[in-house]
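Observations on the model geometry
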Amino acid sequence: MSGLFDVSGKVICVTGASSGLGRAAGTALAAAEAQVVGVARRADQLAAWQSEAGGVTAIVPADLSDRDALTRIAGHVAEPFGPPDILINAAGINPRQHADTVTAKSWDRTLDLNLSAPFFLAQAMVPAMKARGWGRIVNFASLQSRRAFANGISYGASKGGIEQLTRAMAEAWSRDGITANALAPGFFPTEPTGPVFADPELARRNADQTCIGRNGAPGDLIGPLMFFCSAASDYVTGQTLFVDGGFTAK
């Protein structure tokens, strides 16, 4: 059974590897003997992740919100170990602006990083996956893919788009052996959710909205991630899995 979840030797690109859930994903995959290339804007934090993760890793500091640079970034990702077998789109931002105060600049940056980058990186990496007849794309959706939260209009629009993008990717590329799925985390301790977890009452209120009765911990995401990255999910594509303790079930 362990072979179903084997990713050893796979080349995996993880965006957002410098912090939060992207960092946890990159570390877990390196521990599983994959060859992991971490991509993020902050070079110092990327280097700290690489030192912490051990295993076979490489880093590519890059601003993924620069759409014109994405093809070039994909090329740099392929340099250490070859073209990726698996792309994990974990990078993202949440500017937390009310609809009345959203600017064109902040809107474009949010959509470029959260929605455009996952597509154009995938588009650049898919040809090599097609040539192998095997590939995995794992996008990061959100509770806000389906729920409207205060001060979340641009973030929610981008994450709603991710859910549909995942289905469209599956339709476009699954016949070539490339599956596309999404993970939708609930409330996990990350940099963007720092204000939530800094308020014990708010954190408790969110935990109480789950069926399980607690907020997420980074390790809760690893099993679902390994499922989507491995042969265990060969016949699963176009799906969004909510890893939220039952938040969206209530």
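Here is a short report on the structure shown in this document.

So, how was this worked out
- Residues numbered from 1 in each chain as written.
- Predicted model: local features only at pLDDT ≥ 70, side-chain atom pairs only at ≥ 80, totals over all residues.
- Heavy atoms only, no water.
- Phe/Tyr/Trp six-rings, centres within 6.5 Å; stacked < 30°, edge-to-face > 60°.
- Lys NZ or Arg CZ within 6 Å of the ring centre and 35° of its normal.
- Buried < 20%, exposed > 50% of the residue type's maximum accessible area, 1.4 Å probe, protein only.
- Axes fitted to C-alpha atoms, helices over the stretch in contact; angles between N-to-C directions.
- Helix = DSSP H or I, 4+ residues; strand = E, 2+ residues; numbered from the N terminus.
- Parallel < 35°, antiparallel > 145°, perpendicular 65-115°, else oblique.
- Left-handed = near helix turned anticlockwise from the far one by under 90°.
- Contact = heavy atoms within 4.5 Å.
- Nonpolar A, V, L, I, M, F, W, Y, C, P; charged D, E, K, R; others polar.
- Pairing = 2+ DSSP bridges.

**Overview of the packing of aromatic side chains**
The description of two aromatic rings rests on the distance between their centres and on the angle between their planes. Within this structure, the stated rule accounts for five aromatic pairs. Through successive ring pairs, a cluster of aromatic residues spans Phe119, Phe120 and Trp173. Taking the ring centre of Trp134 as reference, the NZ or CZ of Lys10 above it sits at 3.9 Å.

**Here's the deal with unusual backbone geometry**
In this structure, Glu33 takes a positive phi of about 70 degrees despite not being glycine. By relative accessible area, Glu33 is classed as exposed at 59%.

**A few points about the packing of helix H1 (residues 20-31) against helix H2 (residues 43-53)**
The geometry of H1 relative to H2 is characterised by a closest axis approach of 9 Å and an angle of 30 degrees between their N-to-C directions. Classified by the angle between their axes, H1 and H2 sit roughly parallel to one another. H2 is crossed by H1, and the crossing has right-handed handedness. Contacts from Arg23, Gly26, Thr27 and Ala30 of H1 reach H2 at Gln45, Ala48, Trp49, Glu52 and Ala53. Here the residues of the contact of H1 with H2 sort into four nonpolar, three polar and two charged.

**Describing the side chain of Gln144**
For Gln144, the position within the fold is in the loop between strand E5 (135-140) and helix H5 (153-173). Under the relative-accessibility criterion, Gln144 is labelled buried at 9%. Every residue in contact with Gln144, bar those within four places of it in the chain, is listed here: Asn94, Phe149, Gly152, Tyr155, Gly156, Lys159 and Gly160.

**Things to note about the pairing of strand E3 (residues 56-61)**
The sheet contact formed by strand E2 (residues 35-40) and E3 spans six bridges and is parallel. Paired with Val37 across the two strands is Ala58, which belongs to E3.

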